[in-house]
Amino acid sequence: MRSRIVRDAVVYRDHVQAIKSGFASTIFTCNQLIHIYSNHGLFQDAHKLFDEISHPNVFSWNALIRAYIKAHNLRQARAVFDSASNKDLVSYNSMLSAYVGADGYETEALDLFARMQSERDTIGIDEFTLTTMLNFTAKLRVVCYGKQMHSYMVKTASDLSKFASSSLINMYSKCGLFREACNVLSGCDGVVDLVSKNAMVAACCREGEMDMALNVFWKNSELNDTVSWNTLIAGYAQNGYMDKALALFVEMTERGIRHDEHTLASVLSACSNLKCLKLGKCIHAWVLKNDFSSNQFISSGIVDLYCKCGNIRYAESVYEGIGIKSQFEVASLIVGYSSQGDMTKAQRLFDTLSERNYVVWTALCSGYAKLQQCEEVFKLFREFIITEALIPDAMIIISVLGACATQAILCLGKQIHTYILKMRLNMDKKLLSAMVDMYSKCGNIMYAEKSYQLMTDKDRDAILYNVMIAGYAHHGFENKAIQLFQDMLKKRVKPDAVTFVALLSACRHRGLVEQGEKFFISMKEDYNVLPEVYHYACMVDMYGRANQVEKALEFMRKIPIQIDATIWGAFVNACQINKNTSLVNKAEEELLKIGADNGSRFVQLANIYAAEGKWDEMGRIRKKMRVKEAKKLVGCSWIYVDNGTHAFTSGDTSHAKADAIYSTLMCLNGKELKQLHEIGGDVFVDIF
DNA sequence: TGGAGCAATG
């Protein structure tokens, strides 16, 4: 590809020589050649040719400005713009569009737009300016400015072009006003061009309205191009329908529609998520054959594919082969290391970077958060605030809120909430869901509820409903959980597997067996959500807690999937609650058969026998536990004081202030503790 | 002779 460009450019250079040596060169041909040079990446030649024009006209100046914009040299483009003796609205629009398209030039874009407006008599604005500014508001997600643009366009009748409709659909969709985007489309009376149609498909995908996306896609399908197919494939992949994304890719190929790097990036993402190494490798081979490796979306997608398929060595070798590495490729490998639990390698890779963007910070932060290494998350977040001149984005904050939830550190969670408000960070659905989850897991259901209510009815998605339903369930408000589920259905939000785990969990804690059974049947029959391990385990646990251990066993006999240690664990628990040693033998056999090495299960079994006074049986289990070297994770409690977590296990004396803690506890009899609880006192206040 | 719109990565 590159050699062809250079070869063409040499032809054009010879052409210029010919013009210079005999043919009359007009300013028109020189201007055209500046464009040709810059289109072929020969920016210095373009400038040299410009310098040779004795009296450059406005077209010459604009061609040179475009050349520097194409070279991504906005400073030089602006210098030419400022020094140009001839400027018109095209010069301004070119410069404005360049600022809007680049990152970090928001102020310059706004200043230039303000200048164009204030000098209305000499410069002014036209429909090119308006579509560019719609793009700007879409990028910044500032819907109030977008609406002002729209109003002005209606007033000046410049909202009717195909450029206007696609830009408006795009702006409303990216600003989260899906209905308004639909209104723009219906305002076109069904006559839309391909770009507007594609923008609408993208808007539906962004909203998760895949049926609607499919309808728009297939209407006037003769118009569809590679972008249309790419949009829909990416939409399916982003909404979790990986198999549909792959099926569409197959159909696209069968129909002979050309695919490009966008297509491959989405297909790679679908392969990674499905852990479909076979197809992923085919795509990798295709990429190598067609020389697409230099595309950072694709190379990071390939690294991600091998990481998600568990082949870290291969991912590393692909990564090493990338010449100039972008931060997305680094992030893919950091996420890969994190998913393997190898935070040492993840941190080492992060430390080698001289510049870090949001992506790599988030990758490392979420890696620590997923492994529940919460102190590291907090440390990293502090480092981010101190070392980066950036406002943290939602993804980083979500990881920090997740760490607060894991550790149940309410005070820190509140600090993060305050920080979000202080920095005026956009509270989107994902961030708000993380906040609701944090408050709920930190024990403050009232704040969780208040946060949940910040999002209007129509903007609540399944994730937000799920965290609130789970919150109610864990705090013992089963009726509220069920009510919210009804509300979710009324608002036409489709429940998923997580919703039903929360609902079944609510039922098992309150002994609502009938209601739980109804949910269990309904999830598959009415909502097409197939039960997974956790749903089965919840049901077994529910029967156990309701003293219906025989029913639990009957239920287990009908489970169509492989019964794993989680479900057997729930059954052992049921036996323990019901003091049923006759059925526990069966569970013991199965647990040993599937090679469960979780010590908790053995301790549970031993305890059941001990409770029945069957000491021989108990001794036998303990012995098995020793032979298998099964270790039970020790349960612990912790308290967060002065930026530090203090964890305690039963009989633990390892804490530096253990003596003081124990002597204080000794002094506190039941009555004193009760008084402390009544006045809301903290036992540890004077110790730390 | 020139300037504007749709799709991809944590």
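Not measured: the values here are computed from a predicted model.

How each quantity is defined
- Residues numbered from 1 in each chain as written.
- Chains lettered and ligands numbered in written order.
- Predicted model: local features only at pLDDT ≥ 70, side-chain atom pairs only at ≥ 80, totals over all residues.
- Heavy atoms only, no water.
- Helix = DSSP H or I, 4+ residues; strand = E, 2+ residues; numbered from the N terminus.
- Buried < 20%, exposed > 50% of the residue type's maximum accessible area, 1.4 Å probe, protein only.
- Contact = heavy atoms within 4.5 Å.
- Areas by Shrake-Rupley, 256 points an atom, 1.4 Å probe, with all protein chains shown as cover.
- Lys, Arg positive; Asp, Glu negative; His and termini not counted.
- Charge placed at Lys NZ, Arg CZ, Asp CG, Glu CD.
- Near = heavy atom within 4 Å.
- Polar contact = N/O pair within 3.5 Å; in protein donor to acceptor, adjacent residues only side chain to side chain.
- Salt bridge = Lys/Arg side-chain N within 4 Å of Asp/Glu carboxyl O.
- Expected span 1.5 Å × (residues − 1).
- Axes fitted to C-alpha atoms, helices over the stretch in contact; angles between N-to-C directions.
- Parallel < 35°, antiparallel > 145°, perpendicular 65-115°, else oblique.
- Left-handed = near helix turned anticlockwise from the far one by under 90°.
- Nonpolar A, V, L, I, M, F, W, Y, C, P; charged D, E, K, R; others polar.
- Arc of directions from axis to C-beta.
- Phe/Tyr/Trp six-rings, centres within 6.5 Å; stacked < 30°, edge-to-face > 60°.
- Lys NZ or Arg CZ within 6 Å of the ring centre and 35° of its normal.
- Core = buried A, V, L, I, M, F, W, Y, C linked by side-chain atoms within 4.5 Å.

1. A closer look at the overall build of chain A
The secondary structure content of chain A amounts to 39 helices and two strands. For chain A, with 688 residues in total, the buried portion stands at 46%. Restricting to contacts in chain A with at least 6 residues of sequence separation, those with at least 24 account for 58%. When the accessible surface of chain A is summed, it comes to about 36900 Å², and 53% of that surface belongs to carbon and sulfur atoms. Counting 77 positive and 75 negative side-chain charges, chain A places the centres of these two groups 3 Å from one another.

2. A word on the protein's contact with DNA strand B
Taken together, 53 residues lie around DNA strand B, and Asn62, Asn93, Lys162, Ser166 and Thr362 are the ones closest in. In the interface set of DNA strand B, defined as its atoms within 4 Å of the protein, sugar plus phosphate atoms amount to 33%. A distance of 3.0 Å separates a base nitrogen of DNA strand B from a polar atom in the side chain of Thr131. Asp193 is positioned with one of its side-chain polar atoms (N or O) 2.7 Å from a base nitrogen of DNA strand B.

3. What to know about the pattern of salt bridges
Oppositely charged side chains can pair when the atoms bearing their charge come close. Per the counting criterion, the structure on display carries 20 salt bridges. Measuring nitrogen to oxygen at the nearest pair gives 3.6 Å for the salt bridge that ties Asp103 to Lys139. In this pair, Asp103 sits in the loop between α6 (89-101) and α7 (106-118) while Lys139 sits in helix α8 (residues 127-140), placing the two residues 36 residues apart along the sequence. Owing to a relative accessible area of 66%, Asp103 belongs among the exposed residues under this scheme. For Lys139, a relative accessible area of 29% translates into the label partly exposed. The salt bridge involving Arg508 is made with Asp541; its shortest N-O contact spans 2.8 Å. Separated by 33 residues along the polypeptide, Arg508 in helix α30 (residues 497-510) and Asp541 in helix α32 (residues 533-545) bring together distant segments of the chain. Overall, Asp541 belongs to the buried group, its relative accessible area being 5%.

4. Details of the side chain of Glu329
Note that Glu329 resides in helix α20 (residues 327-339). Despite being buried, Glu329 has no salt bridge partner; Lys325 is the closest side chain of opposite charge, sitting 7.5 Å away. The residues touching Glu329, leaving out its near neighbours within four places in the chain, are Gln296, Ser299, Ser300, Val303, Tyr319, Ile322 and Ile324.

5. Some words on helix α26 (residues 429-441)
The end-to-end C-alpha distance of α26 is 18 Å, a good match for the 18 Å that 13 residues give at a rise of 1.5 Å each. Listed as buried for α26 are Leu431, Leu432, Ser433, Ala434, Met435, Val436, Met438, Tyr439 and Ser440. Residues of α26 that are buried in the fold lie against α24 (394-407), α25 (410-422), α27 (445-452) and α28 (462-474). Looking at the residues trailing α26, positive phi occurs at Gly443, about 90°.

6. Remarks on the packing of helix α16 (residues 261-274) against helix α17 (residues 277-289)
Where α16 contacts α17, the axes come no closer than 9 Å and their chain directions differ by 155°. What the angle tells us is that α16 and α17 run roughly antiparallel. Where α16 crosses over α17, the handedness of that crossing is left-handed. Side by side, α16 and α17 meet where Leu264, Val267, Leu268 and Cys271 of the first sit next to Leu279, Gly280, Ile283, Trp286 and Val287 of the second. Taken together, the residues of the contact of α16 with α17 break down into eight nonpolar, one polar and no charged.

7. Here's the deal with helix α33 (residues 549-557)
Taken as a whole, α33 has its buried residues at Val549, Ala552, Leu553, Phe555 and Met556. The buried residues of α33 occupy an angular sector of 160° when the element is viewed end-on, so they sit on one face. Opposite the packed face of α33, turned more than 90 degrees from it, sit the exposed residues Glu550 and Arg557. In this structure, the buried side of α33 is in contact with α31 (513-525), α32, α34 (565-577) and α35 (581-593).

8. Some words on the environment of Leu371
Here Leu371 is to be found in the loop between α22 (358-370) and α23 (374-387). Assessed through its relative accessible area of 33%, Leu371 is described here as partly exposed. Separated by 277 residues in the primary sequence, Leu371 and Phe648 have C-alpha atoms spaced 20 Å apart.

9. Describing unusual backbone geometry
One non-glycine residue, Gln372, lies in the positive phi region at around 60°. When you line up the elements, Gln372 lands in the loop between α22 and α23.

10. Observations regarding the packing of aromatic side chains
Within a pair of aromatic rings, the relevant descriptors are the distance that separates the centres and the angle that separates the planes. Taken as a whole, this structure holds 25 aromatic pairs when the rule is applied. Residues Phe381 and Tyr419 carry aromatic rings whose centres are separated by 6.1 Å and whose planes lie at 80° to one another, so their mutual orientation is edge-to-face. One end of the pair, Phe381, is in helix α23; the other, Tyr419, is in helix α25, with 38 residues separating them in the sequence. Given a relative accessible area of 17%, Tyr419 falls into the buried group. Between Tyr472 and Phe477, the ring centres sit 6.4 Å apart and the planes meet at 85°, which makes this aromatic pair edge-to-face. Assessed through its relative accessible area of 7%, Tyr472 is described here as buried. A residue is classified by how much of its surface remains accessible, and Phe477, at 36% relative accessible area, is partly exposed. Through a chain of ring-to-ring contacts, the aromatic side chains of Phe350, Tyr358, Trp361 and Phe384 assemble into a single cluster. Sitting over the face of the ring of Tyr241, Lys244 holds its NZ or CZ atom 5.3 Å from the ring centroid. The ring of Phe477 carries the charged tip of Lys480 above its face, separated from the ring centre by 5.7 Å.

11. So, the packing of α6 against α7
Running from N to C, α6 and α7 cross one another at 155°; their axes reach a closest spacing of 9 Å. In terms of axis orientation, α6 runs roughly antiparallel to α7. Note on packing geometry: the crossing formed by α6 with α7 is left-handed. Where α6 abuts α7, its residues Leu89, Tyr92, Asn93, Met95, Leu96, Tyr99 and Val100 lie against Glu108, Ala109, Leu112, Phe113, Arg115 and Met116. Of the residues assigned to the contact of α6 with α7, the class counts are ten nonpolar, one polar and two charged.

12. A word on the nonpolar core
Of all hydrophobic cores here, the largest spans 200 residues; its most connected members are Leu232, Ile334, Ile397 and Phe571. Per element, the largest residue contribution to this core is nine residues, and it comes from α28. With near-sequence residues (within four places) excluded, Phe571 lies in contact with Val540, Val549, Ala552, Leu553, Met556, Leu583 and Ala587.

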